[in-house]
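A closer look at the structure
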Amino acid sequence: MRTGSEPVTARSALRARLWLSVWGLVWAIFGTAAFALVGRPGWAAACGVLWLVATVDMAMILRHIRQGPHYQPGRDVPPYRPADTRPPPFRRPPQHGHP
């Protein structure tokens, strides 16, 4: 159910992002080493940049996890305010005149 406040109350699956970041970091390190050994400096540099991005992303994810419930809520924290239980006001369908 959409409440209209999703951007304000959006939550991220930080632990899933952490494992995806670890996976990307492992592949970036492997790619950097493999391309450097094969003699492809351009590809090695590209993998090195990905290595840097994955490392910074992992650092930010770990920082948010360590900041506590504000960024990683527990099961007792609701994801958003419950929707208003009042029914929407009745609106008459538009009247279309035919020529």
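Residues numbered from 1 in each chain as written. Predicted model: local features only at pLDDT ≥ 70, side-chain atom pairs only at ≥ 80, totals over all residues. Heavy atoms only, no water.

1. Considering the pattern of salt bridges
It is possible for side chains of opposite charge to pair when their charged atoms get near one another. Operational definition: The salt bridge definition used is simple: a Lys or Arg side-chain nitrogen within 4 Å of an Asp or Glu carboxyl oxygen. Numbering of helices and strands starts at the N terminus; helices are DSSP runs of H or I of at least 4 residues and strands are runs of E of at least 2. The rule is simple: take the accessible area with a 1.4 Å probe, protein chains only, and divide by the maximum for that residue type; under 20% is buried, over 50% is exposed, in between is partly exposed.
Counted by the stated rule, this structure contains one salt bridge. Between Arg 17 and Asp 57 there is a salt bridge, with the nearest N and O atoms lying 3.3 Å from each other. With Arg 17 in helix α2 (residues 14–38) and Asp 57 in helix α3 (residues 41–66), this pair connects stretches of sequence that are 40 residues apart. When its relative accessible area of 34% is taken as the criterion, Arg 17 is described as partly exposed.

2. Focus on the nonpolar core
Operational definition: Only buried residues count toward a nonpolar core, which is a set of Ala, Val, Leu, Ile, Met, Phe, Trp, Tyr and Cys residues joined through side-chain atoms within 4.5 Å. The contact criterion used throughout is that any non-hydrogen atoms of two residues lie within 4.5 Å.
Grouped together as the largest cluster of nonpolar side chains are six residues: Leu 14, Leu 18, Leu 25, Ala 54, Met 58 and Ile 61. The set of elements that each furnish at least two residues to this core consists of α2 and α3. Non-local contacts of Leu 25, meaning those with residues more than four positions away in its chain, are made with Trp 51, Ala 54, Thr 55 and Met 58.

3. Some thoughts on α3
Going by this rule: What a helix should span is 1.5 Å times the count of its residues minus one.
Here α3 contains 26 residues, and its C-alpha end-to-end distance of 37 Å stays within 8% of the 38 Å for a straight helix at 1.5 Å per residue. Taken together, the buried positions of α3 are Ala 44, Cys 47, Ala 54, Met 58, Ile 61 and His 64. On its buried face, α3 sits against α2.

The values are spatial; any link to function lies outside them.
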